[in-house]
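Remarks on the overall topology
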Amino acid sequence: MDLSAPEIRVLGCLLEKQRTTPDAYPLSLNALRLACNQATNRDPVTEYDEAVIRDALHRLSRRRWARLASGAGSRAPKYRHLLDEALGLPEDELAVLCVLMLRGPQTPGELKQRTERLHPLADLSAVLDALERLIGRDLAERLPRRPGQKEERYTDLLGDDEARPVAPVAPAPGAPAPQWTPPAAEPDLEDGAQAPPPSPVAPAAAPTPDPRVGRLEDEVAALHTELAALRASLDALRADLGA
């Protein structure tokens, strides 16, 4: 696959909002822009304008992965995805793929937590089973473990090289782990001499995410989308009354 980063974000947002806010789906261009640029449940956080999103929609439409879905009486054009029809994926695989598109490489535990509102998965075994099926379809891959990280991470394969983040490569099995060496005592410096650079400090381990924070972020994101849809409906009603 060779989707650009905006195409992946647009496709993931359409899929997410179809599941989490069905009353506001399909999405108008403005609602889709807000969904793409959410500060929650997105990694990285973006600032795409309507021109970028419109171009992504055009490219996805040419692939037949998205299309215009406005009704005859609709004032604003609205859009829907065709990913389920194009790829023929079951609900659990679509949920996992959607979260990978929106939040980048993640561990099975993170995917288990973040797919709850899209399609609940019973346990980690169900997440791993969905991931293995996506890997078999060349839609996802397992990444090398980061130094000091216990869990494996997975990423989607929808994007080109520029759209996919690169994880650091872990040392080869059996290779000695790098040891931290305490800094030597500072030598006496003569006038004009420069002190040696400080020794690198080992990075701290990432904190375990609190599932309650993820649920609150999902609820806030859903409220933002519903508000955008209500504003669009109100603008259309005002236009009808003023006509």
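Residues numbered from 1 in each chain as written. Predicted model: local features only at pLDDT ≥ 70, side-chain atom pairs only at ≥ 80, totals over all residues. Heavy atoms only, no water.

Here we come to the pattern of salt bridges. Tallying each qualifying case throughout the model produces 15 salt bridges. Among the salt bridges present, the one from E7 reaches R63, with a minimum N-O distance of 3.6 Å. With E7 in helix α1 (residues 5–20) and R63 in the loop between α3 (50–62) and β2 (66–68), this residue pair connects regions lying 56 residues apart in the sequence. Residue class for E7 comes out buried when judged on its relative accessible area of 4%. Across the salt bridge formed by E116 and K112, the nearest N and O atoms sit 3.0 Å from each other. Taken together, the shared-partner salt bridges connect D92, E93, D129, R133 and R137 into one network. (Salt bridge = Lys/Arg side-chain N within 4 Å of Asp/Glu carboxyl O. Helix = DSSP H or I, 4+ residues; strand = E, 2+ residues; numbered from the N terminus. Buried < 20%, exposed > 50% of the residue type's maximum accessible area, 1.4 Å probe, protein only.)

In spatial order, the strands read β1-β3-β2; together these three strands make up an open sheet with antiparallel pairing. Of all the strands in the sheet, the pair left with one neighbour each is β1 (27–28) and β2. Here β2 pairs with strand β3 (residues 78–81) via three bridges, running antiparallel. Paired with R67 across the bridge in β3 is R80. The strands touched by α1 within the sheet are β1, β2 and β3, with β3 carrying the most contacts at an inclination of about 90°. (Pairing = 2+ DSSP bridges. Contact = heavy atoms within 4.5 Å. Axes fitted to C-alpha atoms, helices over the stretch in contact; angles between N-to-C directions.)

Here β1 pairs with β3 via two bridges, running antiparallel. Within β3, the position partnered with L27 by the bridge is Y79.

Mapped onto the fold, R114 is located in helix α6 (residues 108–114). If we skip the residues at most four places from it in the chain, R114 touches V99, R103 and Q106.

As a further point, take the confidence of the model for the chain. The predicted coordinates ought not to be read in detail in places where the model reports low pLDDT. For the chain, the average pLDDT comes to 82, and 64% of its residues sit at 70 or higher. Segment residues 165–172: pLDDT under 50, and nine contacts once partners within four positions in sequence are set aside and those in other chains are kept. (pLDDT = per-residue confidence, 0-100.)

Among the residues making up helix α2 (residues 29–36), those that are buried are L29, A31, L32, A35 and C36. Buried positions in α2, seen along its axis, are confined to an arc of 160° and lie on one side of it. (Arc of directions from axis to C-beta.)

It is worth spelling out the nonpolar core at this point. Nonpolar side chains tend toward joint burial in soluble globular proteins. One finds V10 and L32 to be the most contacted residues of the largest nonpolar core, which totals 44 residues. Counting residues per element, the ones that place at least two in this core are α1, α2, α3, α5 (91–103) and α7 (124–136). In terms of residue count, the dominant contributor to this core is α5 (nine residues). The contacts of V10, once residues within four sequence positions are left out, are L32, C36, I53, A56, L57 and L60. (Core = buried A, V, L, I, M, F, W, Y, C linked by side-chain atoms within 4.5 Å.)

Most peptide bonds are trans, and most residues other than glycine sit at a negative phi. Cis geometry marks the peptide bond from Y25 to P26, where omega comes out at 0°. Mapped onto the fold, P26 is located in the loop between α1 and β1. A cis amide bond links D43 to the next residue, P44, at an omega of 5°. Inspection of the secondary structure puts P44 in the loop between α2 and α3. In the Ramachandran plot, N41 falls in the positive-phi region, its phi being about 60° despite a non-glycine side chain. Among the secondary structure elements, N41 is positioned in the loop between α2 and α3. For D138, which is not glycine, the phi dihedral falls at a positive 60°. With respect to the element layout, D138 can be found in the loop between α7 and β4 (140–143).

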